[in-house]
Amino acid sequence: MNEPHVRLDGVSLAFGRGASRMPALDRISLTLGRDEVVVVLGPSGCGKTTLLRLVAGLIPPDAGSVTIDGRPPMPGRDTAMVFQSFRLIPWKTARENIVFALPRLPRTEALERADDYLGLVGLSRFAKSWPAQLSGGMRQRLALARALAAEPAILLMDEPFASLDAQSRELMQVELMRLLERRPATVLFVTHSVDEALILADRILLMSPRPGRVVEEVEVTFPRPRWDGDSRALPRYADLRRHLWDRLRDMVLNDPGSDFHGRS
Ligand SMILES: Nc1ncnc2c1ncn2[C@@H]1O[C@H](COP(=O)(O)OP(=O)(O)OP(=O)(O)O)[C@@H](O)[C@H]1O
Ligand SMILES: [Mg+2]
């Protein structure tokens, strides 16, 4: 078997000190295969963002190890992150937002690369626009182009489409799948949406909160490409969807720390 691209071995992490110390992740072990798309699904506060930050090398674990190709992650070397909040630079044009993320390339090459990726996400005409002149969906496409332009081996995506309307969101899911066909990457994608998970994932990791644990792994074997939407019509889709929903609902309803506790 191939060596996994990313490996977490018994990773635990707590925040705070003394009496306020709170375990965020508890003995997480998982692997990501090269060019595999793994989606993390779980209620608020179960440690999904923390997991991405560990893989990016932005924070070290208290116990256990995180490795990429057998080495500890180094921020900016192996991974690129796409955030829910876009994090675009408001005083730079679309093109310059991408160029800014490519500090190691000579400027002419960075400009060329930026234009390529603007084209891939359908924003060529907006290269000179400011982020404020773009719609929410266009800003998200720009944030995606910026992450992809770095041509990372690993793409970390933290609820990247959560703030989009339902239609833009589905279009972005297709866009992402098309881009990954052209340039595969190992993807760790966080979402609260069961449907988003089922459409994108090769494998879904279901997490439970307090402390964050991986409680189930589900292989998603619907044929690709999936952008025709046909997988939703499969009986297996409905079964998986119901199963994941039931587990998420139970976690939220049975969690005294949840905002939803006690509601019916
Ligand atoms: N920098 C920090 N300092 C202290 N506690 C933190 C920090 N970051 C996260 N936590 C705590 O760790 C736990 C996991 O947080 P995390 O942001 O990873 O959750 P999440 O699954 O991404 O939640 P959401 O779905 O709401 O984004 C939470 O209890 C949170 O309060
Ligand atoms: Mg989060």
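Check the entry above for the structure.
Residues numbered from 1 in each chain as written. Chains lettered and ligands numbered in written order. Predicted model: local features only at pLDDT ≥ 70, side-chain atom pairs only at ≥ 80, totals over all residues.

**Overview of the site of ligand 1**
- Every residue lining ligand 1 is accounted for by Phe15, Gly16, Met22, Ala24, Ser44, Gly45, Cys46, Gly47, Lys48, Thr49 and Thr50.
- For the shell around ligand 1, the secondary structure elements donating two or more residues are β2 (22–32) and α1 (48–56).
- Take the shell around ligand 1: its biggest share by element is three residues, from α1.
- Class assignment for the residues of the shell around ligand 1 results in four nonpolar, six polar and one charged. (Near = placed C-beta within 6 Å. Helix = DSSP H or I, 4+ residues; strand = E, 2+ residues; numbered from the N terminus. Nonpolar A, V, L, I, M, F, W, Y, C, P; charged D, E, K, R; others polar.)

**Observations concerning unusual backbone geometry**
- Cis rather than trans, the peptide bond between Arg210 and Pro211 has omega equal to -10 degrees.
- Of the consecutive residues Arg224 and Pro225, the connecting peptide bond is found in the cis state with omega at 0 degrees.
- Position of Pro225 among the secondary structure elements: in the loop between β9 (213–219) and α7 (235–253).
- A positive phi angle is found at Arg210, which is not glycine, with a value near 50 degrees.
- Judged by local crowding, Arg210 falls into the partly exposed class, with 18 C-beta atoms found within 10 Å. (Buried ≥ 20, exposed ≤ 12 C-beta atoms within 10 Å, placed from the backbone.)

**Considerations on the sheet that holds strand β1 (residues 6–15)**
- What the three strands build is an open sheet, ordered β2-β1-β4; its pairing is antiparallel. Both outer strands of the open sheet, β2 and β4 (63–68), are each paired with one neighbouring strand and no more. The sheet shows a mean angle of 25 degrees between the axes of neighbouring strands, direction not considered. (Pairing = 2+ DSSP bridges. Axes fitted to C-alpha atoms, helices over the stretch in contact; angles between N-to-C directions.)

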